[in-house]
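Chain by chain, the residues:
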Amino acid sequence: MNIRFKIKAIHRLLARRKSFLFAEALFFWLLAVVLLYLFVGYLIVPSVVESKIARLAGGQVDIQSGRFKGLRGIRLKGIVVAGDSEQSQGTPILQADEIEVYFNRWHLLRGQFTVDHLTLTDFLITVDYDAIDQRWRLSDLLPQASPASEQKAFALVVLKRGALRVRRIDEDGPETITTVSLNGRIGEKAEDGKYLFSIETDGRFGYGDSRLEGQFGRGSDDAKHEFRLTGQIQMPQAGVLQNQWNLRDIQLACLFDEHSIDVRQFGFSLGDGRAAVTGNIGLDGDRPLTLDVDLDQFKLAEYFTPDAVVYDTLQGFVDPGLKGFLSRYHPSGLADVEVKVDGALKYVSSARVEGSINCRDILANDQRFPYSIENMKGAIEFTGRTLRLAGLTAHHG
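Scoring rules and cut-offs
Residues numbered from 1 in each chain as written. Predicted model: local features only at pLDDT ≥ 70, side-chain atom pairs only at ≥ 80, totals over all residues. Heavy atoms only, no water. Helix = DSSP H or I, 4+ residues; strand = E, 2+ residues; numbered from the N terminus. Buried < 20%, exposed > 50% of the residue type's maximum accessible area, 1.4 Å probe, protein only. Contact = heavy atoms within 4.5 Å. Areas by Shrake-Rupley, 256 points an atom, 1.4 Å probe, with all protein chains shown as cover. Core = buried A, V, L, I, M, F, W, Y, C linked by side-chain atoms within 4.5 Å. Polar contact = N/O pair within 3.5 Å; in protein donor to acceptor, adjacent residues only side chain to side chain. Salt bridge = Lys/Arg side-chain N within 4 Å of Asp/Glu carboxyl O. Phe/Tyr/Trp six-rings, centres within 6.5 Å; stacked < 30°, edge-to-face > 60°. Pairing = 2+ DSSP bridges. pLDDT = per-residue confidence, 0-100.

A. Molecular detail of the overall build of the protein. When its secondary structure is counted, the protein shows three helices and 19 strands. Looking at the 397 residues of the protein, the share that counts as buried comes to 38%. For the protein, long-range pairs separated by at least 24 residues make up 47% of all intrachain contacts whose partners lie at least 6 apart in sequence. Working note: accessible area of the protein is about 23,000 Å², and carbon and sulfur atoms make up 57% of it.

What follows is the structure, given as structure tokens:
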């Protein structure tokens, strides 16, 4: 009996020992997995994501920290994407407190990093206009060409508490023109294979109830991509470049690729007037910009007037001939405007502008005339620096 008891005791001890060994091994491997998870999440992930974003943005990228979020997500903190430091006055083109990236884990097992969707939180995008070179600095904002092996499908992008800042840079340094809040979703897949988007403001920076929504679709083979948009924009009461517009019934339909935008339809209502724009916008190099602009029953003003085209601070962006006309005659009132613009997007202020202003009821103050000209009606045609008056009538006093 004693021998059997001792044998059973030894078996129980060995069983416990095996259990302990199994528990120790399991604990060791769990600890190893956790340490590897932390090592990859905090040390490897930020550097890998930095290099991927840098390839797309074509600039320097810095990420403060990063770690896995669950089994198919990465959370990044303190993201900064810098453009050309000399041009941008040291200001990053993108700053974000947090970006969450969710990827397809099955693709990852095959060595492919495919993003399902990402969320940008508390971010700021900066767009600059160079007043010295008279051009918009858009190249830093456009994604660089990627290899054929890169992701083909659009990823869903969620925007939370973001902002877009537009600046003007001259000899005195940068000046903020406006800042608008951004919230919404971009890239939600629709049933017809196209992608939906919606962007709206949240009351910050003075903008009123503003919302843009629409869809875009990828063109097959060499065909251009399709983009459609509708919505409304209500500017701050303080205005933007002295213009305070409530743009209603915005409609845009265009085709685009990496070289140009073919504007099939662009229109909006402002006050009692309606605008319509068609044309082609070249995006790279000296590709041409050609636009036909038709403004029906628009209110013109030299200084701040709600729902009017206030041109005082816009004269630095227009053709010298039109600028000279505005500076001399100081027109204000109701008019129809037909304009054709030929130039390049990079040097839009040097573009050739020709067309006509059909005066419905205009007040003018000619610097070379001792008193105001009232109730002006008729057409004013302009080509570069040349003006032609056609059937113009007015009275004074």
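B. Fine view of unusual backbone geometry. Even without being a glycine, phenylalanine 205 presents a positive backbone phi close to 65°. Within the secondary structure layout, phenylalanine 205 lies in the loop between β8 (195–200) and β9 (211–217). A relative accessible area of 42% places phenylalanine 205 in the partly exposed class. Unlike most non-glycine residues, glutamine 297 shows phi in positive territory, near 55°. Following the sequence through the fold, glutamine 297 ends up in strand β14 (residues 288–301).

C. Main features of the nonpolar core. Core analysis: the largest hydrophobic core is formed by 46 residues, its most contacted members being Phe227, Phe268, Phe298, Val341, Ile357 and Met376. Sequence-distant contacts of phenylalanine 227, defined by excluding residues within four places in its chain, comprise Phe197, Gln215, Phe216, Leu252, Ala253, Cys254 and Phe256. Listed in part, the 19 residues of the second largest apolar core include Val61, Leu76, Ala96 and Val115.

D. Seen up close, the side chain of threonine 201. Looking at where threonine 201 falls in the secondary structure, it is placed in the loop between β8 and β9. A distance of 2.9 Å separates the side chain of threonine 201 from the backbone oxygen of glycine 208, its partner in a polar contact.

E. Fine view of the pattern of salt bridges. For the structure on display, the rule yields 16 salt bridges. Salt bridges here are not isolated pairs; linked through shared partners, they connect Lys194, Glu226 and Arg228.

F. Quick look at the environment of threonine 179. Within the secondary structure, threonine 179 is located in strand β7 (residues 173–189). With a relative accessible area of 16%, threonine 179 lands in the buried category. Beyond its immediate sequence surroundings of up to four residues, threonine 179 is in contact with Ala163, Leu164, Arg165, Phe205 and Tyr207.

G. Fine view of the packing of aromatic side chains. Summed over the entire model, instances satisfying the criterion amount to five aromatic pairs. When the centroid spacing of 6.4 Å and the interplanar angle of 70° are considered together, the rings of phenylalanine 268 and phenylalanine 298 count as edge-to-face. Of this pair, phenylalanine 268 sits in strand β12 (residues 260–270) while phenylalanine 298 sits in strand β14, and the two are 30 residues apart along the sequence. Considered together, phenylalanine 268 and phenylalanine 298 belong to a single accessibility category, that of buried residues. Taken together, Tyr195, Phe197, Phe216 and Phe227 form an aromatic cluster joined through their ring pairs.

H. Examining the environment of leucine 300 more closely. Along the chain, leucine 300 turns up in strand β14. Its relative accessible area of 12% is what places leucine 300 among the buried residues. As a C-alpha pair, leucine 300 and aspartate 336 span 36 residues in sequence and 9.7 Å in three-dimensional space. With sequence-adjacent residues up to four places away left out, leucine 300 is seen in contact with Val309, Ser332, Gly333 and Ala335.

I. Spatial organisation of the pairing of β7. With 12 bridges connecting them, strand β6 (residues 156–170) and β7 associate as antiparallel partners. Among the inter-strand pairings, arginine 168 is bridged to a residue of β7, identified as glutamate 175. Linkage of β6 to β7, two consecutive antiparallel strands, is achieved through a turn of two residues. The antiparallel pairing of β7 with β8 creates a hairpin that spans five residues between the two strands, and glycine 193 there sits at a positive phi of about 90°.

J. The arrangement of the confidence of the model for the protein in detail. Across the protein, the average pLDDT comes to 76, with 69% of residues at or above 70. Contacts for the low-pLDDT stretch residues 144–149, under 50 throughout, to residues beyond four places or in other chains number six contacts.

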